Amino acid sequence: MTTHKNRQTLLIHAPRQAPQYIETIQPPLFRASTIIFKSTAHLFDRHWTDAYDYSYGTHGTPTTFTLADNIAQIEGGRYCLLAPSGLSAINLVNSAVLSKDDEVWVADNIYGPNLEHLKNLQERYGITVRIYNPIDAGSFQPTEKAKLIWLEAAGSVTLEFPDLKNLVKKAQQANVLTALDNTWGAGLAFNAFDFSDEHLSVDITVHALTKYPSGGGDILMGSVVTRDQALHHKLFRIHAIQGISISGDDTAQIQRSLAHMSLRYDQQTQNALTVLTWLKQQPQFAQVLHPSLPDSAGHVFWKEICTTDKSAGLVSVIFKPEYDLAAIRKFCDHLQLFKLGFSWGGPVSLVMLYDLKTMRSLKNTHLQQGLLVRFCIGLEHAQDLIQDIQNALKQLE
Ligand SMILES: *Cc1c(COP(=O)(O)O)cnc(C)c1O
């Protein structure tokens, strides 16, 4: 090695080189915008558009490809693209799949910001957004302009489980791409690429890695998983030209958390089931919403492909109509272990309040009147969480 005399150069070119390979529990972390080519031959021979070749930081490093492969594997797919947030992953699908004058179908209980994004596309590009009832496959009536249907199992906030089987079959018959927001199931509750006794598969899964994979309530990321190579390349191209990229540090953090995601998921499921059993007995609630409950909308569809021991940590309650907004706010403000905030999947239990009247497009006869509170159950002891809710309910007496 040539020795350089100038300190300015020495500051940049360190004498110690990392060994080619040492074995550690966690894979080495790469941070890169520039990726150095060994020679011009290497530069001209690279195949970055086939994915998993190295070219530039935005296209990926061993750190991002490691996590991408891991997510693809967990979800039962083949290819995975990472995005800086779950919503960004959703937008990637919408931008890659939808063109002018296309029709897109969304479940009435879809993740709200996805609908907002689609409405924005509707205004600007003449895309038609149609809403269907996830528990009634008959309400999904694709025309020949239909390109995409968004599914979510279970749906946001009200947690109805969709008739996945019939919706996917109907979409396939009509040549409509199926995209599932898989954040709730996290790839653990069911395999979206091979579900039901008929081995049905969606085309695309999107996962807010911000939730269970991160598990810390501190890192944002999203993924788009597919099985079909042509579809992957279509998404990959948009991913590349939009400059969608993620930080190596964030990626490594999520990779590290994946090791115990299944343990956390199971524990949060158990905690949620314990809290849920107690909530069911409380007189203040008109309805407790969780797909495992036989009286919950979509329970039969949930039962077809999921099991109780993997049903996530989300539980919602609808207060009886005599509890007004002031009462619900008082309740939320008096919770101590449950913190008021969006998102879920972290160690700390969270609570959020919603007014259903402003959230749904269709008439939902299965939902009772009242204000809704969603609990995101964390990793605290379930009895302490119950005590916390009980104390806050006492404020309403
Ligand atoms: C949180 C969430 C998202 C969005 O993820 P962000 O990383 O917060 O953008 C998408 N879908 C569902 C179902 C979610 O819960």
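Residues numbered from 1 in each chain as written. Predicted model: local features only at pLDDT ≥ 70, side-chain atom pairs only at ≥ 80, totals over all residues. Heavy atoms only, no water.

K.L.:
Would you mind going over the pairing of strand S2 (residues 103-107) with me for this structure?
P.N.:
Side chains on a regular strand alternate between the two faces of the sheet. Burial of S2 is extensive: five of the five residues sit out of reach of the surface. Two elements, S2 and strand S3 (residues 128-132), share five bridges in a ladder whose sense is parallel. Within S3, the residue paired with Val-106 across the bridge is Ile-131. Handedness of the S2-helix H5 (residues 112-125)-S3 crossover: right-handed. Relative to strand S4 (residues 146-152), S2 runs parallel, the two being bridged by four bridges. Its bridge partner lying in S4, Val-104 is registered against Leu-148. (Buried < 20%, exposed > 50% of the residue type's maximum accessible area, 1.4 Å probe, protein only. Helix = DSSP H or I, 4+ residues; strand = E, 2+ residues; numbered from the N terminus. Pairing = 2+ DSSP bridges. Right-handed = clockwise from strand over helix to strand, strands pointing away.)

K.L.:
Is there a simple way to think about the site of the ligand in this case?
P.N.:
With respect to spatial proximity, 14 residues lie near the ligand, and among them Gly-86, Leu-87, Asp-181, Thr-210 and Lys-211 are the closest. The separation between an oxygen atom of the ligand and a polar main-chain atom of Gly-86 is 2.7 Å. Between the ligand and Leu-87, the relevant distance is 2.9 Å, taken from an oxygen atom to a main-chain nitrogen or oxygen of the residue. If the ligand stood free it would expose 380 Å²; the protein chains cover 89% of that surface. It is helix H4 (residues 86-97) that provides the largest number of residues to the shell around the ligand, a total of three residues. A breakdown of the residues in the shell around the ligand according to their chemical character gives six nonpolar, five polar and three charged. (Near = heavy atom within 4 Å. Polar contact = N/O pair within 3.5 Å; in protein donor to acceptor, adjacent residues only side chain to side chain. Areas by Shrake-Rupley, 256 points an atom, 1.4 Å probe, with all protein chains shown as cover. Nonpolar A, V, L, I, M, F, W, Y, C, P; charged D, E, K, R; others polar.)

K.L.:
Looking at this model, I keep getting lost on the UniProt feature "modified residue: N6-(pyridoxal phosphate)lysine" (unreviewed entry) in the chain. Mind explaining?
P.N.:
When the UniProt feature table is mapped to this numbering, "modified residue: N6-(pyridoxal phosphate)lysine" (unreviewed entry) covers Lys-211. One can find Lys-211 in the loop between strand S6 (204-208) and strand S7 (222-226). Residues in contact with Lys-211, not counting those within four places in the same chain, are Thr-183, Ser-343, Trp-344 and Gly-345. (UniProt positions renumbered as here; feature names shortened; annotations may be inferred. Contact = heavy atoms within 4.5 Å.)

K.L.:
Before we go on, may I ask you to explain the packing of aromatic side chains in this structure?
P.N.:
The way to describe two aromatic rings as a pair is by their centre distance and the angle between their planes. For the structure shown, the criterion picks out twelve aromatic pairs. A centroid spacing of 5.4 Å and a plane angle of 80° characterise the contact between Trp-105 and Phe-140, whose relative ring orientation is edge-to-face. A residue pair is termed long-range when its members are at least 10 positions apart, and Trp-105 in strand S2 and Phe-140 in the loop between S3 and S4 qualify at 35 residues. Comparing Trp-105 with Phe-140, the two get one shared label, buried. (Phe/Tyr/Trp six-rings, centres within 6.5 Å; stacked < 30°, edge-to-face > 60°.)

K.L.:
Sorry, what's going on with helix H7 (residues 229-241) here?
P.N.:
Note: α-helices contain 3.6 residues per turn, so residues at a spacing of three or four share the same orientation. For H7, built from 13 residues, the straight-helix expectation of 18 Å at 1.5 Å per residue is met to within 8% by its first-to-last C-alpha distance of 18 Å. Listing the buried residues of H7 in full gives Leu-231, His-232, Leu-235, Phe-236, Ile-238 and His-239. Mapping the buried residues of H7 onto a view down its axis gives an arc of 165°, with all of them on the same face. Among the exposed residues of H7, those oriented more than 90 degrees off its buried face are Ala-230, Arg-237 and Ile-241. (Expected span 1.5 Å × (residues − 1). Arc of directions from axis to C-beta.)

K.L.:
Please explain the nonpolar core as it appears in this structure.
P.N.:
Proteins that are soluble and globular tend to have nonpolar side chains buried together. The biggest cluster of nonpolar side chains holds 80 residues, and the ones touching the most others in it are Val-93, Ile-149, Trp-150, Leu-151, Phe-161, Trp-184 and Phe-190. Residue contributions to this core reach at least three from each of two domains, namely domain 1 (40-259) and domain 2 (261-396). Ranked by size, the runner-up nonpolar core spans 30 residues in total, among them Leu-273, Val-317, Phe-331 and Leu-393. (Core = buried A, V, L, I, M, F, W, Y, C linked by side-chain atoms within 4.5 Å. Domains from an automatic or database assignment.)

K.L.:
Could you clarify how one ought to interpret the domain arrangement of the chain in this entry?
P.N.:
Interface size is commonly expressed as the accessible surface area that is lost when the partners come together. Domain boundaries assigned for the chain yield domain 1 (40-259) and domain 2 (261-396). The distance between the C-alpha centroids of domain 1 and domain 2 comes to 26 Å. On the side of domain 2, 37 residues touch domain 1, which itself brings 38 residues to the contact. In total, domain 1 and domain 2 occlude about 3,200 Å² of area from one another, counting both sides; carbon and sulfur atoms represent 65% of this. For domain 1, the biggest contributors to the area lost against domain 2 are Val-157, Trp-184 and Tyr-212; these three give 25% of the whole. Across the domain 1-domain 2 interface, the total number found is zero salt bridges. On the surface where domain 1 and domain 2 come into contact, there are 15 residue pairs in polar contact (both at pLDDT 80 or more). Elements supplying a minimum of two residues to the side of domain 1 that touches domain 2: S3, helix H6 (164-173) and helix H8 (248-258). Partitioned by chemical class, the residues of the side of domain 1 that touches domain 2 number 20 nonpolar, 13 polar and five charged. (Buried area = accessible area lost by both parts, 1.4 Å probe. Salt bridge = Lys/Arg side-chain N within 4 Å of Asp/Glu carboxyl O.)

K.L.:
Please clarify how the pattern of salt bridges should be interpreted in this entry.
P.N.:
Note on pairing: side chains with opposite charge can pair once their charged atoms come close. All told, the structure shown has ten salt bridges when counted by the stated rule. Its salt-bridge partner being Asp-101, residue Lys-100 comes within 3.4 Å of it at the nearest N-O pair. Across the salt bridge formed by Lys-165 and Asp-197, the nearest N and O atoms sit 3.9 Å from each other. Of this pair, Lys-165 sits in helix H6 while Asp-197 sits in the loop between strand S5 (177-181) and S6; the two residues are 32 residues apart in sequence, bridging distant segments of the chain. One connected set of salt bridges, linked through shared partners, spans Lys-165, Lys-169, Asp-197 and Glu-198.

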